[in-house]
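One-letter residues, chain by chain:
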Amino acid sequence: LSPDEWVEQYGSDVLRMYLMFMGPFDQWGDWNDRGISGTQRFAKRSYSLIEQNGKDGTDSDSMEVMSALHKTIKKVGDDIESLQFNTALASMMELLNTLWAQETISHETLSHYTILLSPFAPHLAEELWQMLANEGLVASQSWPEYDAAYLQESTVTIAVQINGKLRGTYQFSNGVTKEEVIETVYDEPNIARWLEWQTIVKEIFIPGKILNVV
């Protein structure tokens, strides 16, 4: 089928992204005339993001934004290498949602977002690049480098077991120590009742995952 009518109605970038988003590159996707509207909304929201934040950006971003940005840089780069364009676009959409939730966004983050967008929507990305008053073409820019420090989750979920049976899960800051977990969970009523009148033989701790009290 000729794509001309879809290009005329939605633009080549939206059609391009929809074809990428339909499924894995090496498999047939199910074409849906209504499905393309979701990709169109993504393109429009990307434009509005730059339009509304490009002139009055902040100097720095929150940890939430930095974490989301650097995870997306890695994810999109890895997925492009493996031709997983659908999951790369999905991660871009997640990043867009995070950025929309912010009151202000730095010019650097918006520029990085535009570079990440450019392989999928090259025409739109060039326009956004100019709206940000950046020099040259976005297609000529180097791919952003991610900082591994931002890839770690800020919190972890620790499963607490008593004699191998799960008795609760608790959120802690990433890097929490065994002693800190014990000090907290032993005071939890749901854990304390299973330890009452019991003799603790040992405490098995797997960092960031499990505390098993025997």
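Residues numbered from 1 in each chain as written. Predicted model: local features only at pLDDT ≥ 70, side-chain atom pairs only at ≥ 80, totals over all residues. Heavy atoms only, no water.

## What to know about the overall build of the protein
Then step 1. Counting its regular elements, the protein contains nine helices and four strands.
Then step 2. Its C-alpha radius of gyration of 23 Å places the protein more than 25% over the 17 Å reference for a compact globule of 214 residues.
Then step 3. For the C-alpha atoms alone, the extent of the protein along its principal axes is close to 75 × 45 × 25 Å.
Then step 4. For the protein, the residues scored as buried account for 39% of the 214 residues in total.
Then step 5. When contacts within the protein are restricted to residue pairs at least 6 apart in sequence, long-range pairs at least 24 apart make up 59% of them.
Then step 6. Of the accessible surface of the protein, which amounts to about 12900 Å², a share of 50% is contributed by carbon and sulfur atoms.
Then step 7. Once the 15 positive and 31 negative side-chain charges of the protein are each reduced to a mean point, those two points are 11 Å apart. (Helix = DSSP H or I, 4+ residues; strand = E, 2+ residues; numbered from the N terminus. Rg over C-alpha atoms; globule rule 2.2 N^0.38 Å. Buried < 20%, exposed > 50% of the residue type's maximum accessible area, 1.4 Å probe, protein only. Contact = heavy atoms within 4.5 Å. Areas by Shrake-Rupley, 256 points an atom, 1.4 Å probe, with all protein chains shown as cover. Lys, Arg positive; Asp, Glu negative; His and termini not counted. Charge placed at Lys NZ, Arg CZ, Asp CG, Glu CD.)

## Structural notes on the pairing of strand β3 (residues 203–206)
Then step 1. With four bridges joining them, β3 and strand β4 (residues 210–213) adopt antiparallel strand pairing. Along β4, the bridge assignment pairs Ile206 with Ile210. (Pairing = 2+ DSSP bridges.)

## Description of the packing of aromatic side chains
Two aromatic rings, taken as a pair, are described by how far apart their centres are and by the angle between their planes.
Then step 1. What the rule picks out here adds up to one aromatic pair.
Then step 2. Note on Trp6 and Tyr10: the rings are 6.3 Å apart at their centroids and 15 degrees apart in plane angle, and the pair reads as stacked. With Trp6 and Tyr10 both in helix α1 (residues 4–10), this residue pair falls four residues apart, about one helical turn. There is no split in this pair, since Trp6 and Tyr10 are both buried. (Phe/Tyr/Trp six-rings, centres within 6.5 Å; stacked < 30°, edge-to-face > 60°.)

## What about the pattern of salt bridges?
Then step 1. Under the criterion given, the structure shown has two salt bridges.
Then step 2. Put simply, Asp78 and Lys74 hold a salt bridge, and the shortest N to O gap is 2.9 Å. In this pair, Asp78 and Lys74 are both assigned in helix α4 (residues 63–81), four residues apart and thus about one turn of the helix distant.
Then step 3. Asp78 gets classed as partly exposed once you look at its relative accessible area, which sits at 40%. (Salt bridge = Lys/Arg side-chain N within 4 Å of Asp/Glu carboxyl O.)

## A few points about the side chain of Ser118
Then step 1. You can see Ser118 is positioned in the loop between α6 (107–117) and α7 (122–131).
Then step 2. Among the polar contacts made by the side chain of Ser118, one reaches the main-chain carbonyl oxygen of Ile115 at a distance of 2.6 Å. (Polar contact = N/O pair within 3.5 Å; in protein donor to acceptor, adjacent residues only side chain to side chain.)

## Points about the nonpolar core
Then step 1. Counting 35 residues, the largest nonpolar core has Met17, Phe42, Met92, Tyr113, Leu117 and Phe120 as its most contacted members.
Then step 2. Elements supplying a minimum of two residues to this core: α1, α2 (12–21), α3 (36–53), α4, α5 (85–100), α6 and α7.
Then step 3. At eight residues, α5 tops the list of elements feeding residues into this core.
Then step 4. Non-local contacts of Phe42, meaning those with residues more than four positions away in its chain, are made with Met17, Leu89, Met92, Met93, Leu96, Tyr113 and Leu117.
Then step 5. Judged by nonpolar contacts, the second largest core, of 15 residues, contains Val160, Val176, Val181 and Ile191. (Core = buried A, V, L, I, M, F, W, Y, C linked by side-chain atoms within 4.5 Å.)

## A word on the packing of α2 against α7
Each packed pair of helices is defined by two parameters, the angle between the axes and the distance between the axes.
Then step 1. Axis separation between α2 and α7 bottoms out at 7 Å; the angle between their running directions is 125 degrees. Regarding the angle of α2 to α7, the classification is oblique. Mapping the contact onto sequence places Ser12, Asp13 and Arg16 in α2 and Pro122, His123 and Leu124 in α7.
Then step 2. Its residues placed into classes, the contact of α2 with α7 shows two nonpolar, two polar and two charged. (Axes fitted to C-alpha atoms, helices over the stretch in contact; angles between N-to-C directions. Parallel < 35°, antiparallel > 145°, perpendicular 65-115°, else oblique. Nonpolar A, V, L, I, M, F, W, Y, C, P; charged D, E, K, R; others polar.)

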